[in-house]
Structure formats: structure tokens, C-alpha cells
Amino acid sequence: MTTFAKQFKADAKRITRDLRHRGLILTALKKYEAARDARQTRFPDWQSARQTAAEIKWDAINHLDKYLVEFVTKIEARGTRVHWASTAEQAREIILATCRDRKARSVIKSKSMATEEIHLNDALEKAGFEVVESDLGEFIVQLRQEAPYHIVFPAMHLTRGEISDLFHNKLGTAPTDNPEELTMIARRWLRQKYIQADVGITGCNFAVADTGMVAITTNEGNGRLTASLPKTMITLVGIEKVIPRLEDLALLQPMLATIGAGQLISCYNSLYSGPRQPGEPDGPEEFHVVLMDNGRTRLMADAEQRDALHCIRCGSCLNVCPIYRNIGGHTYGTTYPGPVGSVITPHLRGLQEWKHLSAASSLCGACTASCPVKICLHHHLLQNRRNAARAKPVWWEKIAFNLFAFLFNSPWLYRLAKPLGRLGQIFHPLIKGTPLDPAYAWTQSRDLPKIPRQTFKEYWRSRR
Amino acid sequence: MNERDNILSRIREALRVPAPVPGAHDHEPREVSEAEAAKTIPRWLPAVGATFEQQVELFRANSTDLKTDFRLVASRDESFAQLKAIAAAEGWKKIAAHKGELTDAAVAALALPVCKTDAGYDVRELEACDAGLTECDALVAQTGSVLVTTRSAGGRALSILPPHHVVLARRDQLLPDLPAAYALVRKKYADNPPSLLCLITGPSRTGDIERILVLGAHGPKKLTIFCV
């Protein structure tokens, strides 16, 4: 077992027994479900909307070379500097070099999973820049020096009391249990940071090819401020974010908000076509767009799972996943948790090291059913399992399956196995749930089904 | 080779094997026609009535839901009178605005010190203003959104920095749905887009603490829309 797998198992075991944690997650997700259902009913045909959204993203991903070039040509024509990065390291270097060129001291960030993916904050801080996350949830987890718990709700695992203590300790504010007051503390504190910041860094929800625009969705307005006040704006874009046409946003934005957060549309849906233009009173002097691959073309080369690149990071597969609900967001140990993270992480960071995530699934398919762009998530988990076993078979699994095949292909042995199994089950309680138990992995927390007194075959024979 | 060529060649290499379209049961790859998806989009979005009255009602219902203060007023003078009442109630001392037919008239009616953003401004001065007055490009009934751009609303910061954002819109700016809003963007700004376009839907909000709604996370705590 790899270190990642061991860590995953240990964390999962601990946190599934943490009833307080479970209560918090369920309360948060119940509120999400109610809001989502209320908004979803306003769509006359959600399934057709999903199909259209899936076809838009399919079109984008399967003609990505064409659309990327179109996007770049258009946005460069408005004075934007476009950079290309094959790896996380290159993306970090480009951003660091831009900050150094601009002689920046402080950086303000709006929420971006792509920057989490390349551990940008660490790199910036090591290089001596002050980095502040401006999304409230991200700001909270940054103060706690931990990764976001959820790709849409980063601080879902914390209570107001914990956040109040955190602010008290780190910012020196008076304790309060009022969420509004806590939000205002962050608002006041971050206002000053916006005004002081030299560089604003954002992520990107959609990169519109035919008009050359970057679309950023936020609720708090932090993306707008990040893109308004600092003199330099840098946007990190995963290459899979490109969509063909401006009009596609009319569908994708409300779907993202509805399935992701239970809103008909998010509060601020902005489009940026370049830096400050002649005649405009404000906005950044420089606008840099960094297009990043970082493993995405590797995933793309697997045609079977290419649709995983359709993901619009709404987080709905996390919200409905029974595994996520039990083990929480940090246990995965990945940038992208939940079903979609389990699908793409093996492609981005190595199949053998991350194959255990594909096994952590009940294959119930709730993720697939919820996905607004119809990614076959649970099938891809199975495909990851298959690919991992094919690439590097586990010796004892091979023996076990050979034995299983032999047993089920030999009627005489199978007939013998049944009474032996029944006999074995009589003595099973003696070792059940102890490490002596051959079925320990299962029986430590579950019962084995009883082998019936009479098999169907015997029953059939007795009826004749 | 530079990274641009490297990435593009990896994409082209990967795309040599076709992938099935989701929902295609035969799993045979097929092409999706370019504009086909765009044409069907309006059908899958929430329904909007055809008349102005129905659309105003929908905008009003969405506004209630979003905690936007939406006021359909009979005349400009009525909107200015109401604006004065709001200014008095909230004790505005200074406002921010941009040059515009409606905003200029409103600023004159309010008779308060004003920070104009058109020719550049001091950020701290704008931040200290009690309200930001802007015009807009459109109102969207389907979602209760306001479409603003750097050109129609006095730059990037005016509509986001002050704690109260007041929008002055005309009746003929009300559009039925999102596709209509994006069609307007394409038509109006075809080859010369403003550097920022934004659909604002309600006052700034967050649910990051225990999923409890709080208004005014970073942007305006209040959004008032006058439709004249």
C-alpha cells in the first residue's frame, strides 16, 4: 500500500466515527439540498439542459486546439498577455516572475482551485510575497493553514464558534457567535488588503473562445474587487475551461449556480476581455492569462474518460456522494476531493499512488446522476480500477480471483464448498472481527450474510 | 518548441482517438453541430412571460428572493424623490457616480458631495462613499440580474466598492432572459468589448459560515434598482 493509501485509510477510519463532524456536514448539505431542489424545479426540463450542457462541453473539449487558439487570439488582441504552462512548476514560475517584474509586495487572491492545484500560495510566500485569500471560506482555511474542505464551500467543516476563536487568535477581534458579525470582520480586514495589493490573482470558470473573455463567478464580489483595484491581474486557467460561444454561458452559468449552490444564478458573473481599455477610469494596467495543462492532456488522451474534462467544478458530485459525506473533504488528500477528484487525480498525479480513491466508492452512481455535464463518474472509477489492475496486477488478488474462478467453474468443488462454508460459519463467531478472521476487512464493522440452510437448487429439487 | 506548441500538439495527438458524446447510447462518436446547442438553450431555461408586465412581475419576484430593493416608478422625479428619502434614512454624506443622463440628474437632485469616477478617482475616497449610483445595459427578468459594463456603469469599482449600489434603469432596458442579455452583449459590443461586463444578481452574499446567508460579504450590502 502506498503512503497516500495508508493515510487515506487511517483518516477515513477516524473521521467516519466522528459524529460531530458528520452532524455538521449533514446540516450543511441538507440546506444545500433544499435550496437546490427549489431552484431546479424552475427549469422546465433539467435533463435536456444537462444534455445540452454536456454537448457544449464535449464540443469544446473535442475541438480544444481550435477553441484555445481562438480564445488566445481574441484576448491578446485586447492587450492581454497570454502565457502557456505545461506543468505546475512552469505555471508557478510565470506567476512569480510576473509578480517580481511588477515589483509587487502583496497579492490578493479570489477563489481558484487551479491555484490550489499548483500550491501557488506556498510558492508566493516562500518568494517573500504576502498572499491573502479573499473568499471568506478560503480566508478562513488559509488562517487555519489547511486546504479547502470542499471545492465550493471551503469552510463547511467549521462552526461559527471555531471561526470566532480563529479570528480572535489571528486577527485579535472580539469573540462573537453571529455569522454576520464574523463576515463583517473579514470584510473590514480584507478591504484594506484589496486597497494595498499590487497584484490580484483569480481563477476562471469559463474561457469564452469566440469573444476572447474570461468568465469568473463569485457570490461575495471578491472576484470583482480582485480584478478592479490591483494594478496587475493574473488569471490562472486550466485549458479545459474553454467553451465555444458567449451564448453558452446563458445555460452553463445558471446550471452551475443551481446544482452547485442552490441559487438560480450566482451573484456576480463577470466577463473580462482585457486590461483597462482607453477611456476606462479604472482596472488593471496589465492582464495576464496563464493557460495550464498540468496533466490535463494526459487525461484527454484517455478517450474513455475524456469527458472528465467537461467538469465545471460545481461540487454537486461531492454533495451527493455517500463516501464524501462520511469521510469529508480533507481525507482524500487531493486538491479535488469527491467523486470527480477520485476520477481525475490518478490521471494528474499517478494511477498507482491514487488508485485507492477509485476503490472508495459504493458505485451507487449518485454522482453521475447529479453531474450537470453528464460525466460518467462511477464508470470511470471502475475503469480506473481496471486500468490499475491491468498495469500492475496485485499478486494475491490474482490468486484469489483464480481460485474464485476455479471454484465457480467446478460444480463438484462448489457442491463441496457449500456445506463446508455452513460449517465454517458456525465457528466464525469465535474469530469474527479479530485479525485472525480471513474476512477481517469486512467483518470489523459489518456482518457477513449467513449462508442459507437450503440453496435454491436444493429448494427447486424438493419442490419437484 | 515553446510550451504553446507543446500543449497544442499534445491536444491534437490526444484527439486523434474520438470520444463518445455523453448521452449517446450507441457510444458512437458523432459531431455536435456548432450552433445547435446555442439554439436550444432558451428552451431549457426557466420560463419567462412574453409581456412587459409579466417580465416586471418576474423581476420583482426574483428581487424579493434575492433581497434586492426593486422599484418600478412612474417618472424620473418620483425615483429621485424616493432616492432622497433613502439618502436621508441611511444618512448618506457622500455619493459616487459616473457621467450619464440618469445619474447626472439624480446627483443634481440629491445635492450631496459626489465622487465622479469617469476621469479616474482616489480608491480611498470611493471606498468612503455611502452609495454608488450607476446606470446599466440591461435588466434580466429571468434571474433578476442587472447587466453592467465598464462603459455603462462608470468603470469596474463603482458598482462593487461602495456599500450601497443604486441602479438607474429605463423600462426599455428590461430583457426577458439570459440568452437575450448575451445577444445584446454581442450586438452592442461586437468587436470592441468593455474590459469588464458583469451580471449582478442581488447584493453581495456569502454562506461560508454554517451555510447561513449574510449579505455584503465584500461587495454592496444593499442593491436598489429604479426602473423608470
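Since the structure is predicted, the reported quantities are computational estimates derived from the model, not experimental observations.

Asks: Mind showing me how you'd approach the nonpolar core here?
Replies: Buried together is how nonpolar side chains tend to be arranged in soluble globular proteins. Residue and element names in this part refer to chain A. Residues Phe167 and Leu291 are the most contacted members of the largest nonpolar core, which totals 156 residues. In terms of residues, this core owes the most to one element, helix H12 (residues 249-261), which gives eight residues. Each residue touching Phe167, except ones within four places of it in the same chain, is listed here: Leu136, Phe139, Ile140, Leu143, Gly172, Thr173, Leu182, Ile185 and Ala186. One finds Ala91, Ile94, Ala114 and Val290 within the second-largest nonpolar core, a separate group that totals 22 residues.

Asks: Help me out: how do you make sense of the interface of chain B and chain A in this one?
Replies: The extent of an interface is frequently quoted as the accessible surface area lost upon association of the parts. Residue-level contacts link 88 residues of chain B with 108 residues of chain A. Of the roughly 8200 Å² buried where chain B meets chain A, counting both sides, 59% is carbon and sulfur surface. Together, Trp44, Arg156 and His218 of chain B form the three largest contributors to the area buried by chain B at its contact with chain A, with a combined 11%. Run the count over chain B and chain A and you get seven salt bridges. Inspection of the chain B/chain A interface yields 50 residue pairs in polar contact (both at pLDDT 80 or more). Secondary structure elements with two or more residues in the side of chain B that touches chain A: helix H1 (3-14), helix H2 (36-44), helix H3 (52-66), helix H6 (123-127), helix H7 (178-189), strand S9 (196-200), strand S10 (205-206) and strand S11 (214-215) of chain B. When its residues are assigned to classes, the side of chain B that touches chain A shows 45 nonpolar, 22 polar and 21 charged.

Asks: Looking at this structure, how should I read the packing of aromatic side chains?
Replies: What characterises a pair of aromatic rings is the spacing of the ring centres plus the angle enclosed by the ring planes. Inspection of the entire model under this criterion finds 13 aromatic pairs over all chains. With centroids separated by 6.2 Å and ring planes inclined at 40°, the aromatic side chains of Phe456 of chain A and Tyr459 of chain A adopt a geometry described as tilted. Residue Phe456 of chain A and its partner Tyr459 of chain A are located together in helix H24 (residues 456-463), separated by three residues, close to a single helical turn. Residue classification places Phe456 of chain A among the exposed residues on the basis of a relative accessible area of 60%. Between Phe59 of chain B and Phe70 of chain B, the ring centres sit 4.7 Å apart and the planes meet at 55°, which makes this aromatic pair tilted. Here Phe59 of chain B, found in helix H3, pairs with Phe70 of chain B, found in strand S1 (residues 69-72); they are 11 residues apart in sequence, far enough to count as distant. Phe70 of chain B carries the same exposure label as Phe59 of chain B, and that label is buried. Taken together, the aromatic side chains of Phe8, Tyr149, Tyr324 and Tyr332 of chain A make up a single cluster linked through ring pairs. One Lys or Arg, Lys193 of chain A, reaches over the ring of Trp189 of chain A and ends 4.8 Å from the middle of that ring.

Asks: What exactly am I supposed to notice about the sheet that holds strand S4 (residues 131-134) of chain B here?
Replies: Sheet strands associate in pairs through backbone hydrogen bonding, adopting either a parallel or an antiparallel arrangement. All names here are of chain B. Strand order in the open sheet formed by six strands is S1-S12-S7-S4-S2-S3, and the pairing between neighbours is parallel. A single partner strand is all that each edge strand has here, and the edge strands are S1 and strand S3 (114-116). Across the sheet, the axes of successive neighbouring strands diverge by a mean angle of 20°, strand direction being ignored. Sheet analysis places S4 next to strand S7 (residues 164-169), joined by three bridges and oriented parallel. Pairing of Thr134 across the sheet is with Val167, part of S7. Packed on one face of the sheet, H3 meets S1 and strand S12 (222-227) and runs near 155° to S1. Docked against the sheet, helix H4 (residues 76-90) engages S1, S4, S7 and S12, running at close to 160° with respect to S12.

Asks: Quick question: what am I supposed to make of a positive patch on the surface here?
Replies: Taken together, the side chains of Arg415, Lys457, Arg461 and Arg464 of chain A make up a positively charged region of the molecular surface. Position of Arg464 of chain A among the secondary structure elements: in the segment after H24.

Asks: Help me understand the confidence of the model for chain B, please; the structure alone is not making it clear to me.
Replies: Overall, the prediction assigns chain B a mean pLDDT of 94, with 93% of residues at 70 or greater. Here the predicted complex scores 0.93 on pTM and 0.95 on ipTM.

Asks: Would you explain the state of the cysteines in this entry?
Replies: Between two cysteines, a covalent bond joining their sulfur atoms is known as a disulfide. Here the structure, examined in full by the defined rule, presents zero disulfides over all chains. Unpaired in this structure, Cys367 of chain A has its nearest cysteine sulfur neighbour in Cys364 of chain A, at a distance of 6.2 Å. Accessibility expressed as a relative area gives 8% for Cys367 of chain A, which makes it buried. In this structure Cys227 of chain B is not part of a disulfide, and its nearest cysteine sulfur, from Cys136 of chain B, lies 8.4 Å away. Exposure remark for Cys227 of chain B: the relative accessible area of 1% places this residue in the buried category.

Asks: It is not clear to me how the pattern of salt bridges should be interpreted in this structure. Could you clarify?
Replies: It is possible for side chains bearing opposite charge to pair when their charged atoms get close. Across all of its chains, the model carries 34 salt bridges over all chains by this definition. Note that Arg102 of chain A is salt-bridged to Glu285 of chain A, the shortest N-O span being 3.1 Å. Taken together, the positions of Arg102 of chain A in the loop between helix H5 (88-101) and strand S2 (106-109) and Glu285 of chain A in the loop between strand S9 (268-272) and strand S10 (286-292) put the pair 183 residues apart, joining distant regions of the chain. A salt bridge links Arg170 of chain B to Asp172 of chain B, with the shortest nitrogen-to-oxygen separation between them at 3.2 Å. With a relative accessible area of 38%, Arg170 of chain B lands in the partly exposed category. Residue Asp172 of chain B is classed as exposed on the basis of its relative accessible area of 59%. Ionic contacts of the salt-bridge type, sharing partners, join the residues Glu117, Glu240, Arg296 and Arg313 of chain A into one network.

Asks: Sorry, what's going on with a nonpolar patch on the surface here?
Replies: The grouping of Leu416, Leu420, Leu423, Ile426, Phe427 and Leu430 of chain A at the surface amounts to a nonpolar patch, some 680 Å² of accessible area in total. Here Leu430 of chain A is to be found in helix H22 (residues 411-431).

Asks: What's the story with the environment of Ile108 of chain A in this structure? I'm lost.
Replies: Residue and element names in this part refer to chain A. Within the secondary structure layout, Ile108 lies in strand S2. A residue is classified by how much of its surface remains accessible, and Ile108, at 0% relative accessible area, is buried. Spatially, the C-alpha atom of Ile108 lies 15 Å from that of Ile216, the residues being 108 residues apart in sequence. When sequence neighbours within four positions are dropped, the list of residues in contact with Ile108 reads Val132, Ser134, Leu190, Lys193, Tyr194, Ala197, Val199, Gly200, Ile201, Thr226 and Pro230.

Asks: Just to check I follow, could you spell out the sheet that holds strand S3 (residues 130-133) of chain A for this structure?
Replies: With respect to topology, six strands assemble into an open sheet ordered S1-S10-S7-S4-S2-S3 (chain A), the strand pairing being parallel. At either margin of the open sheet sits one strand with a lone partner, and together these are strand S1 (81-85) and S3 of chain A. For this sheet, the mean angle separating the axes of adjacent strands, direction not counted, is 20°. Sheet topology places S2 of chain A next to strand S4 (residues 199-202) of chain A; three bridges connect them, and they run parallel. Bridging from a neighbouring strand, Lys109 of chain A pairs with Ile201 of chain A of S4 of chain A. Here H1 of chain B sits on the sheet and contacts S1 and S10 of chain A; the angle it forms with S1 of chain A, its principal contact strand, is near 60°.

The rules behind the values
Residues numbered from 1 in each chain as written. Chains lettered and ligands numbered in written order. Predicted model: local features only at pLDDT ≥ 70, side-chain atom pairs only at ≥ 80, totals over all residues. Heavy atoms only, no water. Core = buried A, V, L, I, M, F, W, Y, C linked by side-chain atoms within 4.5 Å. Buried < 20%, exposed > 50% of the residue type's maximum accessible area, 1.4 Å probe, protein only. Helix = DSSP H or I, 4+ residues; strand = E, 2+ residues; numbered from the N terminus. Contact = heavy atoms within 4.5 Å. Buried area = accessible area lost by both parts, 1.4 Å probe. Salt bridge = Lys/Arg side-chain N within 4 Å of Asp/Glu carboxyl O. Polar contact = N/O pair within 3.5 Å; in protein donor to acceptor, adjacent residues only side chain to side chain. Nonpolar A, V, L, I, M, F, W, Y, C, P; charged D, E, K, R; others polar. Phe/Tyr/Trp six-rings, centres within 6.5 Å; stacked < 30°, edge-to-face > 60°. Lys NZ or Arg CZ within 6 Å of the ring centre and 35° of its normal. Pairing = 2+ DSSP bridges. Axes fitted to C-alpha atoms, helices over the stretch in contact; angles between N-to-C directions. Patch = residues over 30% accessible without salt bridge, like charges linked within 9 Å, V, L, I, M, F, W, Y side chains within 5 Å. Areas by Shrake-Rupley, 256 points an atom, 1.4 Å probe, with all protein chains shown as cover. Lys, Arg positive; Asp, Glu negative; His and termini not counted. Charge placed at Lys NZ, Arg CZ, Asp CG, Glu CD. pLDDT = per-residue confidence, 0-100. Disulfide = S-S within 2.5 Å.

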